[in-house]
Amino acid sequence: MGELGHLNEPAVLYNLKKRYEKDLFHTYSGLFLVVVNPYKRLPIYGNDIIDVYRGKSREKVAPHIFAMSDVAYRAMLQEDRNQSMLITGESGAGKTENTKKVIQYLTRIAGRSDGETLLEEQLLQFNPILEALGNAKTKKNNNSSRFGKFIELQFNSGGQIAGAHTRIYLLEKSRVVFQASMERNFHVFYQIMYLEPELKEKFRLTRAEDFSFISRKGANGEFEPLTVEGIDDRKDFELTRSALGTLKIQPEDQNMIWQTLAAILHMGNLPFTEVSKDVAGLADEKVLAIVAGLLGVETAKLRQCILSPSLAALSDKEKTFKQLSKPKAERSRDALCKALYGNLFLWVVKQINEELSHSEQQAHFIGVLDISGFEIFEVNSFEQICINYTNEKLQQFFNHHMFNLEQEEYKREGLTDWKFEDYGMDLQDTIDLIEKEGYGILSILEEQCLIPEADDKSFTVKLHTTHSAHRNFRAPKFFGLTFKIYHYAGEVDYTTTEWIDKNRDPLEADLKELMLRSSFKFVRDLFDEKLTGSNLAAPAAASGPGTPSGGRAAPGTATRRRAAGAAFTYVSRQYKEQLNHLMSVLNSTSPHFIRCIIPNLQKKQNSINDKLVLDQLKCNGVLEGIRIARKGWPNRIKYPEFIKRYYLLKPGLDPKTPQPKESTKDLCAHLVKTYPDKIFADQMRMGLTKIFFRSGQLAAFENIREQIISTMVVSIQAASRAFLARREYNKMREQEIAAKTIQRNVRGYIDLVDSLWYKLFVTGRPMINRRDFLKEIELLSKQLASLQKQLANLNEEIARLKKERSESDDILARVEKEYDDIKAKHAALESEISSLKKEKETLSEKLNLSEDALKEESSRGNALGREKTDLEKTRTELEHNLNDEKERNKALEEAKRKAEADRDDWEDKLDLAQSRVSDHQKKIAELQKQFDEQEGRAHDMDQLATQLNAKLNSLAKNLAAAEEDFTRENSDKSGLDNTRKDLQAQVEAAKSNLDDIREKVTAANAQAKRLDSQLADTNLQLDEQRAKLNKSEKSGKEYRGKAKDLADALEEETAARNNAEKAKSALDARFNELTSQVRSLESAKSVSADQTKALKNQLDDLTKRVEDGEAANNRLKNENKAAQEEEADLNDRLEQEREGAKKEKKRLTAKIQELTNLLENAPKGDAKSEDLRKMEDQIRDIEDQTKAAEDAKAKADAANAEYANSLKDLKEKLAEVEKRAAENAEANRKAKEALDQMTRELEKQEDARALLEAKNRHAAAEVEDLKRKISAFAGDAGRTSDLTAHYKSENVGLKADFDDLEKDNKILAKDVRDARAKFDEVLKQAGTEKAQKTRLQNSNAVLKKLVMDRILSNNEILNQLKTHSAHFSGEQ
């Protein structure tokens, strides 16, 4: 899905949905493999499917969990590096099943071939044990893993599986004592109900409904169903026992496991009662006695430890006991049950690890991490923040890994305008909010756990106070035990109820001591420090797995130790240690990511809930990966593939072009001009081997391609319809013509059928002997077809030769271009060396400037030294960040070394290209020679084609003549009867003359036989002489060719020797020059290193002082914040007083007005009534109160003004401090930038030095190679001189043969003259008859001509031989 044209959430969801409907549950999304739970069994995980994926690359097979497993296995062997497979998802998404498939695949392909199958069987059998002890039914999943695990499959140096090691995380121990409605406890509690009757009797086990820990009554008072669809507890129990036996856990230990589980079930039935408000008791001690017997402890001691544990670890006589209330006693009982079960789980995993640890040399491992994904519930507690904290770290790990891969891809392809950003840092604020020491949520939780009086409310208040200004933290508007965190997957509201107790996870010390005094060794081992301590403090211990840290209910097992004071190990602390260890292991591996998706909550097949799937994609980080990919260049295609798919977008573009990159540039430029509103140049980048696109740009290419193809399809459809219509029309037209022809012939027959001449013609026609012209025409037609076929074959041969010639021209051009490119790269390297010299000169100037800047910053930093003592805590955090920075620098150094290795590879490729150029030049010479030969053959073929055409024309003429003869014979048939009689008369006359002629012919034949015998003897002698001449001519040609080749070879070797000497001298000079440059660069490097060290020391001092200043700045900000809060509080109180005063004033004014009205309306008299006097007194009191209120208001206004002035002064001071801090921060930033610049320049010098050293080595190798070639050339020159002497001796023999041939020629001429004389003498004896004399004269003329032709031919051959011999002597 990472290559989709439109890379967004709807496209991803649509793609997953369509594939799911077609039973395609595995889909790639960049680095992820997304697996959607099909909710049905499919035959896609058998051994035959494993064989399909064995050794295949990921691109050549369909997406599958086996493909990812094979990629990890092959990478481990090839890269010599550990691998990890991270499988995450919600409960019910299929994490456990996919983990088992990974183990199945790896044990199949990496198992031993010598018949030792026990290890492979054990690896496949330990999963049923972990499922029985760690899986349970939930609302989403009937077989949900309630813990996380990291399984290391270990391999030896030969790639065979050698063992395994398992670490566990987040075991949900609270499920032992409590399950939600419609959920079950761990499977093993229900499986032990199917023990043998004698064991059940021994462990006092009855029915599952009799135990409160594994049964629950519903609202109707009936028990909820304990069976689960698809799970057979009886059958699974047999599998569990078989697996325990396979892993060599003894039957005695197995029985102790069942006994411990039975004790836990019985503890759930303890009948607690309230003796008083704060004192608990037991209604019946029968169950307690059963529990004590199963655990091997005294009943009274167990009762005392549960109901009234001791307060101090003093001697037995001085112990002080406390009575527990009923709720506290129940919590103490629950803590013991959880501790028993958690330690039992640890013990089983430890036994598995010890059995699977074999003695082979363990070279590498493939780690499989199966852990829950991001969780957002209606109520999110301590368990969810632990899980979400884990997923934040894993998502940061993925983002950083993806960033590194993208950066390497862009660098490898030469994209220079990419802005590199590490998106893993986007999540650092949230991670710090949770884990940072002294500041994070988990650290505050640990601090509150140390305070005895602390509770959930005080913890929540401390969180709100500390993190109220954090951008990813929100406190509620109205106080409550909640807060909100903004994670990468969304907002999560957390409830802090019982966080203190869950983090403490208290187990009474008396209970632990009691278990350590058990009569059963098995129980004592469960609480041994070797089991619990090693797994808590050192998750990487060789003998045990990682510590379970309580999954969704209690992520850990806390232990309180009394050896050195009241020291506590809290769940959050041990969980952070385990997670840090896990991340360090993952960082040392090459990761592979698998995300499991649950399609719906109803467990239906072929049904997808869109919102549910999108939420999981967001929580699993798939959409986060797509967000990062969209910021870069998510779509990329190799140039040949791009041209092959999109060549239709530009007319005339060859899809098989030998220069796909140039063709891609032309195509993109054409589309930018043609479609300026769809195709944009800034949305594409050209790499070395690929073209890169922004998100959505490739989809525009696809749309244009679809439009063009649609137009082409419409044109093809139109042409096809037109062709069909024309064919139908022609068929109808031919039918019409045929009908008319038939009609015309029928009419003609009707007109002639009664004619006497026609009847005579029909009667006499069979009597006439005729030539079978039709047969002759058929024969000539076959000959014509054969000749046409030969002509077509010749034309094909000519076309093939022309094509080969054009291909040879293309190869020649491509090789020349490659040679020019290599020369250009060589020139670029030379220019780079010169530029390095210039950069070296500028380094000293920049160093001086940096020293001045550092001195100036040192003077500024001295003013902040007084506040150093208050910032030790901040300094510790910064040192931690510095260590992280050093680790990043180490990673950069590793990347640098890798880049240097790549550079050496390119130089090797350059040498290989040069050797290929020389090879191509040789091949070009051979191809040119072959081309000349093929051209000669083509010329011969053209001549042959001309002759065949002439023969074809003559046959056509003969065919025409035969047709004319046929026509003429038809026309002359009427006169044959008249001429037949004349011919018979002539035949009779010829017969009479034939006898005379036969006599004469007999005599002539006898004479001719004698002449023929003499002529045959003469011809035989001539043929022998001609064969000798041909043989001599052939030998001469061969000797001339060999001599010419040797002369050319000698000339080439001489020229090569001269060139080698010149190259040797040039390389020696170059070698000396490079050596001097390397020495100078090494000296500059040492000086620069000293200067850099001094600068780093100064920068560390300055950084420390600046950090002190930043801490002071933060303290002033906090004071400012407090002052602002106080100001706001005073303003609120003042405003409230003003409002109260206004209301009081209004009330009093109204009352005064009322009293005044009463006075005015009162009757006038000399004496006032008592009521009037009271009214006047009230008016005066009110007036006094009003005046006092006005005076208080004036004083408050004056105080407020004074406070405002002081606040203004404080703000001015704060602004001045902030300004100084900003100046210091800016100076610090400039100093860091200068130091980074100097570091980069030093690294460039290092790269230049390494490049010069590589060139130096390459030049020395070339000198040695040339020396070897020169010695080889010297040997070849010696052999050439030997061959020349040999051919000279052969030339002497050839001249002797030539003299012998001239003598034979003279003898032949004499024999010819003698034969001619004898022939003349024979002719004189032939008689005097005229016919015989004419015949003999003709024969004599023919014989003369034949003999003269032979003589002239021999003379020509002799002349040519003389010329070639003279030329050959001159060449020698």
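Quick caveat: nothing in here was measured; it's all calculated off a predicted structure.

1. Structural notes on the overall build of the protein
Item 1. The secondary structure content of the protein amounts to 32 helices and 19 strands.
Item 2. The 1372 residues of the protein split such that 39% are buried.
Item 3. Pairs at least 24 apart in sequence give 73% of the contacts found in the protein among residues at least 6 apart.
Item 4. Split by element, the accessible area of the protein, about 78000 Å² in all, is 52% carbon and sulfur.

2. Considering a negative patch on the surface
Item 1. On the surface, a cluster of negative charge is made up of Glu816, Glu818, Asp820 and Asp821.
Item 2. Positionally, Glu816 belongs in helix H28 (residues 773–861).

3. Concerning the packing of helix H11 (residues 299–307) against helix H12 (residues 326–356)
Item 1. One way to put it is that H11 packs onto H12 with a least axis distance of 8 Å and a crossing angle of 115 degrees. Here Leu302, Cys305, Ile306 and Leu307 of H11 come into contact with H12, specifically with Ala329, Ser332 and Leu336.
Item 2. Class assignment of the residues belonging to the contact of H11 with H12 gives a composition of six nonpolar, one polar and no charged.

4. Focus: the pattern of salt bridges
Item 1. If you walk through the whole model with that rule in mind, you get 35 salt bridges.
Item 2. If you follow the salt bridges from partner to partner, you end up with Arg146, Glu172, Arg175 and Glu183 in one network.

5. Things to note about the sheet that holds strand S16 (residues 590–597)
Item 1. Here seven strands make up an open sheet; going across it, the order is S1-S2-S16-S3-S10-S6-S7 and the pairing mixed. In this open sheet, the two edge strands, each paired with only one partner strand, are strand S1 (26–29) and strand S7 (161–169). Adjacent strand axes in the sheet meet at a mean angle of 20 degrees, parallel and antiparallel pairs treated alike.
Item 2. By the bridge criterion, eight bridges tie strand S6 (residues 148–155) to S7 in an arrangement that is antiparallel. Residue Lys149 lies in a different strand from S7, and its bridge partner there is Ile168.
Item 3. Its contacts with the sheet put helix H4 (residues 95–109) on strand S2 (32–36), strand S3 (83–89), S6, S7, strand S10 (364–372) and S16, and the angle it makes with S10 is roughly 165 degrees.
Item 4. Sheet strands in contact with helix H5 (residues 118–134) are S6 and S7, and its direction is about 15 degrees off that of S7.

6. A short note on the environment of Gly342
Item 1. Topologically, Gly342 is positioned in helix H12.
Item 2. In this structure, the C-alpha to C-alpha distance between Gly342 and Glu172, residues 170 residues apart in sequence, is 8.9 Å.

7. Digging into the environment of Ile626
Item 1. Position of Ile626 relative to the elements: it lies in helix H23 (residues 622–631).
Item 2. Taking relative accessible area as the criterion, Ile626 reaches 7% and is therefore assigned buried.
Item 3. Separated by 618 residues in the primary sequence, Ile626 and Asn8 have C-alpha atoms spaced 7.4 Å apart.

8. Considerations on the packing of aromatic side chains
Item 1. Tallying each qualifying case throughout the model produces 26 aromatic pairs.
Item 2. Taking 5.2 Å as the distance between ring centres and 25 degrees as the angle between the ring planes, the aromatic pair formed by Phe66 and Tyr105 counts as stacked. In this pair, Phe66 is assigned in helix H3 (residues 65–79) and Tyr105 in helix H4, connecting sequence segments 39 residues apart.
Item 3. Between the aromatic rings of Tyr410 and Phe692, the centroid separation amounts to 5.9 Å while the plane-to-plane angle is 75 degrees, which identifies the pairing as edge-to-face. In this pair, Tyr410 is assigned in helix H13 (residues 382–413) and Phe692 in strand S19 (residues 690–693), connecting sequence segments 282 residues apart.
Item 4. For Tyr410, a relative accessible area of 0% puts it in the buried group.
Item 5. Lying across the ring of Tyr190, Arg184 places its NZ or CZ 4.0 Å from the centre.
Item 6. The ring of Tyr439 carries the charged tip of Lys436 above its face, separated from the ring centre by 5.7 Å.

9. As for unusual backbone geometry
Backbone phi values are negative for most residues with the exception of glycine, while trans is the configuration of most peptide bonds.
Item 1. Positioned with a positive phi, Asp23 is a non-glycine residue whose angle comes to about 60 degrees.
Item 2. Positionally, Asp23 belongs in the loop between helix H1 (9–21) and S1.
Item 3. Given the relative accessible area of 34%, Asp23 is considered partly exposed.
Item 4. The phi dihedral of Arg204 is positive, around 60 degrees, even though this residue is not glycine.
Item 5. Tracing the sequence through the fold places Arg204 in the loop between helix H7 (197–203) and helix H8 (233–246).

10. Some remarks on helix H14 (residues 428–435)
Item 1. Those residues of H14 that sit buried are Thr430, Ile431, Leu433, Ile434 and Glu435.
Item 2. Close packing links the buried residues of H14 with H13, helix H15 (441–450), helix H16 (456–467), strand S11 (473–474), strand S12 (482–487) and helix H21 (571–587).

11. Details of H4
Item 1. Taking 1.5 Å per residue, 15 residues should reach 21 Å; H4 reaches 22 Å between its end C-alpha atoms and fits that length.
Item 2. Taking burial as the measure, the 15 residues of H4 include 12 buried ones, the bulk of the element.
Item 3. All of the buried residues in H4 are Lys95, Thr96, Asn98, Thr99, Lys101, Val102, Ile103, Gln104, Tyr105, Leu106, Thr107 and Ile109.

12. A few points about the sheet that holds S12
Item 1. Read across the sheet, three strands follow the order S11-S12-S13 without closing on themselves; strand pairing throughout is antiparallel. Taken across any chain shown, the strands that pair with only one partner, and hence form the sheet edges, are S11 and strand S13 (490–495).
Item 2. Bridge analysis of S11 against S12 gives two bridges, and the strand direction is antiparallel. Bridging from a neighbouring strand, Phe473 pairs with Ile485 of S12.

13. A closer look at the pairing of S3
Item 1. Counting buried positions along S3 yields seven of seven residues, so the element is predominantly enclosed.
Item 2. Here S3 shows no split at all, with Gln83, Met85, Ile87 and Gly89 on one side and Ser84, Leu86 and Thr88 on the other all buried.
Item 3. Relative to S16, S3 is paired through seven bridges, and the arrangement is parallel. Note on S16: the bridge partner recorded for Met85 is His592.

14. Side note on the nonpolar core
Item 1. If you look at the biggest cluster of nonpolar residues, it comprises 181 residues, and the most contacted ones within it are Val188, Phe189, Ile192, Trp258 and Leu302.
Item 2. Counting residues per element, this core draws most heavily on H12, which supplies 15 residues.
Item 3. In contact with Ile192, not counting residues within four places along its chain, are Leu205, Phe237, Trp258, Leu261, Ala262 and Leu265.
Item 4. Listed in part, the 19 residues of the second largest apolar core include Ile637, Tyr639, Leu667 and Leu671.

15. Things to note about the environment of Arg517
Item 1. Inspection of the secondary structure assignment puts Arg517 in the loop between helix H18 (509–516) and helix H19 (521–526).
Item 2. Using a relative accessible area of 54% as the deciding quantity, one classes Arg517 as exposed.
Item 3. A sequence separation of 220 residues divides Arg517 from Val297, and the C-alpha atoms of the two residues are 7.3 Å apart.

16. Re the confidence of the model for the protein
Item 1. Summing up the model confidence of the protein, the mean pLDDT is 74 and the portion of residues at 70 or higher is 57%.
Item 2. In the model of the protein, strand S14 (residues 559–561) stands out as the element of lowest mean pLDDT, 35, in contrast to helix H9 (residues 251–267), which has the highest, 94.
Item 3. Contacts from residues 534–567, a stretch scored under 50 in pLDDT, to residues over four places away or in other chains number 129 contacts.
Item 4. Within the model, the stretch residues 1326–1330 combines pLDDT values under 50 with three contacts to residues more than four positions away or in other chains.

17. Brief notes about the packing of helix H10 (residues 286–295) against H11
Item 1. With their axes 9 Å apart at the nearest point, H10 and H11 run at an angle of 110 degrees to one another. When the axis of H10 is compared with that of H11, the two are roughly perpendicular. Residue-level inspection shows Leu288, Ala289, Val291 and Ala292 of H10 in contact with H11, the latter providing Thr299, Leu302, Arg303 and Ile306.
Item 2. Split into classes, the residues belonging to the contact of H10 with H11 amount to six nonpolar, one polar and one charged.

What counts as what
- Residues numbered from 1 in each chain as written.
- Predicted model: local features only at pLDDT ≥ 70, side-chain atom pairs only at ≥ 80, totals over all residues.
- Heavy atoms only, no water.
- Helix = DSSP H or I, 4+ residues; strand = E, 2+ residues; numbered from the N terminus.
- Buried < 20%, exposed > 50% of the residue type's maximum accessible area, 1.4 Å probe, protein only.
- Contact = heavy atoms within 4.5 Å.
- Areas by Shrake-Rupley, 256 points an atom, 1.4 Å probe, with all protein chains shown as cover.
- Patch = residues over 30% accessible without salt bridge, like charges linked within 9 Å, V, L, I, M, F, W, Y side chains within 5 Å.
- Salt bridge = Lys/Arg side-chain N within 4 Å of Asp/Glu carboxyl O.
- Lys, Arg positive; Asp, Glu negative; His and termini not counted.
- Charge placed at Lys NZ, Arg CZ, Asp CG, Glu CD.
- Axes fitted to C-alpha atoms, helices over the stretch in contact; angles between N-to-C directions.
- Nonpolar A, V, L, I, M, F, W, Y, C, P; charged D, E, K, R; others polar.
- Pairing = 2+ DSSP bridges.
- Phe/Tyr/Trp six-rings, centres within 6.5 Å; stacked < 30°, edge-to-face > 60°.
- Lys NZ or Arg CZ within 6 Å of the ring centre and 35° of its normal.
- Expected span 1.5 Å × (residues − 1).
- Core = buried A, V, L, I, M, F, W, Y, C linked by side-chain atoms within 4.5 Å.
- pLDDT = per-residue confidence, 0-100.
- Parallel < 35°, antiparallel > 145°, perpendicular 65-115°, else oblique.

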